[in-house]
Each structure stands twice: as C-alpha cells, then as structure tokens.
Amino acid sequence: MNSGEILVIDDEVQIRKLLEITLQSNDFVVKEAGTGKEGLQMAANHSPDLIILDLGLPDESGHSILKKLREWYTKSIIILSVQSSEEDIVTALDNGANDYLIKPFRTGELLARIRSSLRHNSSEEDNSIIDCDDLQLDLIARTVKKNNEIIKLTGTEYTLLSLFAKNEGKVLTHQYLLKQVWGPVHITESQYLRVYIAQLRKKIENDPNRPTHLITESGVGYRFVGKN
Amino acid sequence: MKQFIANKTSKTNQYLIVIGLIFGISAICYFLSGFIGYKVTAFVLFVTVSIIAMLFDIFPVLLSALLSALIWDFFFIPPHFTLHVGSTEDMIMLLMYFVIASVNAVLTYKIRQIAKVAREEEEKANAVKLYNILFNSLSHELRTPISTIIGAADNLLNDKNKISENNKRELIYEISQASLRLNKQVENLLNMSRLESGIIKSKKDWCDVHELVHSVINQLDDVLKKHKVKATFSDNLPLFKLDFGLMQQVLNNLISNAATYTPDGSTILIHAGIKKGNSIETFVLNIEDNGTGFPENETEKVFEKFYRLKDSKTGGTGLGLSIVRGFVEAHNGLVTLSNLPTGGARFTIEIPTETSYINNQKNE
C-alpha cells in the first residue's frame, strides 16, 4: 500500500539516493528534483503529500523556494539543514516549514518526522479530545488528565499545553509560543516560557528531568510528542 | 629585548635618544677632563657608540659614530673649539676612531640581522612541529573511521555469499559506529574553526540550568552507560542568561571527557550554583570525577589546542577541552581545572551573567 507521495528537493545525488531507498522501503512514492526551479515545477505538477527541501540549493536559496512554495502549497514541508545554523532553522519555521532535520540525520528520526507531518495533513478537522499516551486533553471541558486523573493546571499552563497538543509532533519556536500565549508585546521575554515549561514538565512528565512529551529543541524551540 | 627597543621606538625618537646620549656622555667627560685625558674620552665615547649599536637601527648608530668623532675633535683634541687637529698622531687617531666606530656599528647590526633570521627560522620550525602533531592526530582520527567504512563497505559489495548474516550485520554496525565517530570529529573541527575565525558570538537567552544539565546527560545516555552520574543544584537557582547551544557543547565535551578517561563504574558529579557579587552574579558549574586526576603540571596545558596528555589512550584529537575554553570565553567566563584531594579532577566554569528570579516567585 502506498503511504503517500513525497517530493525530495536536494542537489546531492547521494542524499537523494538514500532518501529514495529509505522512503520507498517504507511504502512512499518518491519524486526527486536536483534544483530549486525543478522542485517548484514538480511540486506544481504532482502536488505531493509532503516535500523534503534542502536549504542549500545551487540555483536558489532554499528559503526563497520555501516562500514560493508556501504561496500556494498547503501540505507539509520538512527542511533539511546542516548543523550549527539555528537561525536558518528558525527562519524556515517562521516561513511556514513544518519541521526540520539536521544533516547528518538518523533514518528513524526522518520517518518519525514524516509520519507526524503527514498526520497533520489529514487531521485538520478539530478534535475536542486529544489523546497522547498517558495524557488526555479535553478542549471543551478545558481539563487535562494524566493516567485518567485530572491534573490541576493554571490558566497559562493550560493555554500553553493545549497549543502544544494541537501542534503535536511539530516544533514551535520560542517566538511563536511567546506571541501565542503571552501576546506580541512579550515576544522577547523568554524567561516566562522557561518557567512555564519547567512547571508543565513537573505536572505532566513521569520524570521532569527526562521529558518524553515536552522536548527541548536547542536554540529553536520546543516540540510536543504525544505518541511514541 | 634589543629587538624590542629598535622595533618599538620610532625613527625620530631613535635619533633623538642617540644624539642625547652622545651629548650627555660628552658633557660628563668634558667636566671630568681635568682627571681624564682626551684619549680616555675617546674610549668612553667608543663604548657609548658600541652600546648604541646593540640597541638601535643602523642609521642612528652611524650618526652617533660621526657625531661622537666630531665632538671629540671639537671639544677634546687640542687645540680645543676648532675642528683643526694639531698633531699628525691625533689626526690618525681621529680617523681610526671614526673608522673603528663605524665598522663596529655595521658588524653589530649584521650580527643582529643574523640572530633575527635564526629566531624566525626557529619559530617556523616550531609551527611546523605543531602542524605535524595536528596532522598526525587528525589523520589518525579521521582515517581510522574512514578505513573502517571503506573496508566494511568493500566486503559487503564484493560479497559472493561467503559472509555470514551475522558478520554482515557486524560490518554494517561497524560502518554505523565509524560514521558517528567521524561525525563527532568533523563537528569538533568545525567548532574549532568557528572559534579560530572569531565568528562565534554567544547568543544569550534565559536558560533553566536544570534543563541544560539534564538535556546533556540525556544526550550522553550511551556514553554514560557504565558510569554513575549525579547532578545537584543549589536551592532557588535563578534563570541565567547563557547561550543554551554553546553551553550544551561545553557540558557535553566535559562530561564525555570524564566518562572516556575514568574507569568504568566511576562517579561523575555535576553541581550548578551561583556566586553572588556586588553588582553581578556568576553562574558556577562544577564537574568532578573520582578518576586519577591530571598530572599537576599539565592542568593549564590541557586547554591548549591539540594538547594531549602523555600516555593518554588512543582516540581524541585534543580539541574537546580547547573548544570548552573557547565557548566559555565567548561568554566572558573562565574554565579551570584542579585535582581533588581525594583524587579525581574538577573542572570549574564561572560565567558572570544576568539572572532572573521570576522562576522562584509564586505563580498566579
């Protein structure tokens, strides 16, 4: 069975080959483009379910390809980037990328990101109950249960957690979180975010020092992982 | 020192100093002329020119030779206060004085030039030696995993059904391990070159140090499998402004270093605290192990680039700790190494920075 069509835009033949084998053996249909221009054309012709886009393309920067794609393409885009470019990643996420992977990446990680992004494509309809392993969020009753017991959250903690849960599996940047929860005025006051993340972890994680739900993405933001 | 004076003093100043010295010494001799004869004065002036020759550039020295000859002639050789020289003997002496002083100046200058060239060659030789050390350790560190990958891949490619399934898995596992090792080394090299080029600036933001320390311990799960790790924190620690990514690297290098160079079963203690000053507070982080510690005379050198302890086990390029120092210094902080009285080593990081206590307030 085919799990979806993925377009890979990367100029490195070896990386394309690797992705092709990895994805095909996981039942994805793979299309490949070696330049940004070719990638834009193929995206328009095939309308794939997901695009993997390398930021370092020879003809045009991946950032500008991303912007052009986002003018009309609404499905998931995962960015490939090299190490030590946190700013690049944050820019790409702000420009509408759903997720990122740093080269060299592990295959397991790649597949997890792809699956999580594809889930987002399909589950746009609003669920009032979000189920994440031992956690359950009821968005109508505004309650959170852990192992079927209600846990007490403050207003801000709840707002933050529900924002994460609605974006399960997706990296949310520090700026985005601050803007959504505390408002645009507080966009630089990341100390609040640190404090509330620590408090939330104490309430929802089995071991707050080894979080399995609220994962730190160093220099970028946080990712909420629901289903492992 | 000689080089220092000639290089640091401007041309004009050199001329002024030389003229001053000659006039000064001449004046002293003139006052003493009742006690010393004009021939002794010639020797005193000659010594002065010789000393000048050791300290200054060639032209000020030649000037001092000429000037002292003229002064000697004018003030000391009879008849006084005229350039006219009375006897043939004095005439010969004056000429000889000028020639010897000049030859002396030129010879001294030449010797200095030769010494300078020798020094430069020595420096070059030292640089070459350092590069050799670098290339040896680097080529070893990079080539070992590369050979593993090439060799294992060759075996798998040329397989004519002779390799057992078990061995195939083994080969693939080796490829994977070697790639990870290669990746780690490349990361170190990239960090080092970022440091060298000076483009590393710390992007400070509020950090929860609990999160910082635990995130690194979790990253290092595999490395720390055979070690006991304990992290403790002072009570009511505030948030600190630090570069989370850089500090993760610092901790990662220090903790994995401790794990690599202590025997299995050793304990690694991490403690985060604060030192309060008058105007600024300092983030303090200790990482201790109960291994054998470092040789006392090498505790400063370990932070040098490519420095490796004598008889240290294979692996490692000597970059890890210099990256630690570089990143801590990018925070205007300090990293030091000391040995514990009980044995074992302690790395201490101190970074003066902003703090925020909002995490200790009762919320809502």
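Residues numbered from 1 in each chain as written. Chains lettered and ligands numbered in written order. Predicted model: local features only at pLDDT ≥ 70, side-chain atom pairs only at ≥ 80, totals over all residues. Heavy atoms only, no water.

K.L.:
Which residues make up the overall build of chain A, and what values go with them?
P.N.:
Helix and strand counts for chain A stand at eight helices and twelve strands. The C-alpha radius of gyration of chain A comes to 18 Å, within 12% of the 17 Å expected for a compact globule of 228 residues. For chain A, the C-alpha atoms occupy an extent of roughly 50 × 40 × 30 Å along the three principal directions. Buried residues in chain A amount to 49% of all 228 residues. Carbon and sulfur atoms form 48% of the exposed surface of chain A, whose accessible area is close to 10,900 Å². (Helix = DSSP H or I, 4+ residues; strand = E, 2+ residues; numbered from the N terminus. Rg over C-alpha atoms; globule rule 2.2 N^0.38 Å. Buried < 20%, exposed > 50% of the residue type's maximum accessible area, 1.4 Å probe, protein only. Areas by Shrake-Rupley, 256 points an atom, 1.4 Å probe, with all protein chains shown as cover.)

K.L.:
I'd like a description of the overall build of chain B, backed by residues and values.
P.N.:
Along its length, chain B carries nine helices and eight strands. In terms of overall size, chain B is more extended than a compact globule, its C-alpha atoms giving a radius of gyration of 34 Å where 364 residues would be expected to give roughly 21 Å. When its C-alpha atoms are laid out on the principal axes, chain B stretches across 110 × 70 × 40 Å. For chain B, the proportion of its 364 residues judged to be buried stands at 39%.

K.L.:
Tell me about helix 3 (residues 62-70) of chain A, and please be specific about residues and values.
P.N.:
Residues and elements named next belong to chain A. The set of residues buried in helix 3 consists of G62, H63, I65, L66 and L69. Down the axis of helix 3, the sector holding all buried residues measures 160 degrees, keeping them to one side. One side-chain oxygen at the N-terminal end of helix 3 lies 3.0 Å from the backbone nitrogen of H63; it belongs to S61. (Arc of directions from axis to C-beta. Polar contact = N/O pair within 3.5 Å; in protein donor to acceptor, adjacent residues only side chain to side chain.)

K.L.:
Explain the interface of chain B and chain A to me, and be specific about the residues and the numbers.
P.N.:
Listed as interface residues are 24 residues of chain B and, on the opposing side, 25 residues of chain A. At the boundary of chain B with chain A, total buried surface from both sides reaches about 1,900 Å², with 44% on carbon and sulfur atoms. With a shortest N-O distance of 3.5 Å, B:K203 and A:E87 are connected by a salt bridge. The interface formed by chain B and chain A holds 13 residue pairs in polar contact (both at pLDDT 80 or more) in total. Of all elements in the fold, only helix 6 (165-196), strand 1 (205-207), helix 7 (209-219) and helix 8 (244-261) of chain B reach the threshold of two or more residues within the side of chain B that touches chain A. (Contact = heavy atoms within 4.5 Å. Buried area = accessible area lost by both parts, 1.4 Å probe. Salt bridge = Lys/Arg side-chain N within 4 Å of Asp/Glu carboxyl O.)

K.L.:
Mind laying out the pattern of salt bridges, listing which residues take part and the relevant values?
P.N.:
Residue and element names in this part refer to chain A. Applying the stated criterion across every chain yields a total of 22 salt bridges over all chains. One salt bridge in this structure joins D134 and K146, with 3.0 Å as the shortest N-O distance. On the criterion of sequence distance, the pair formed by D134 in the loop between strand 6 (129-132) and strand 7 (135-138) and K146 in strand 8 (residues 143-146) is long-range, its members being twelve residues apart. On the basis of relative accessibility, which here comes to 12%, the residue K146 falls in the buried class.

K.L.:
If you had to explain the sheet that holds strand 1 of chain B to someone new, which residues and values would you point to?
P.N.:
Consider a sheet: its strands pair through backbone hydrogen bonds, and that pairing is either parallel or antiparallel. A sheet is described by the order of its strands in space; here three strands give the open sequence 1-3-8 (chain B), paired in antiparallel fashion. Two strands close off the open sheet at either side, each with one partner strand: strand 1 and strand 8 (355-356) of chain B. Strand direction decides the pairing type here: strand 1 of chain B and strand 3 (residues 239-242) of chain B, joined by three bridges, are antiparallel. Bridging across to strand 3 of chain B, B:W206 finds its partner in B:K241. Each of strand 1, strand 3 and strand 8 of chain B touches helix 8 (residues 190-204) of chain A; the most contacted strand, strand 1 of chain B, lies at about 20 degrees to it. (Pairing = 2+ DSSP bridges. Axes fitted to C-alpha atoms, helices over the stretch in contact; angles between N-to-C directions.)

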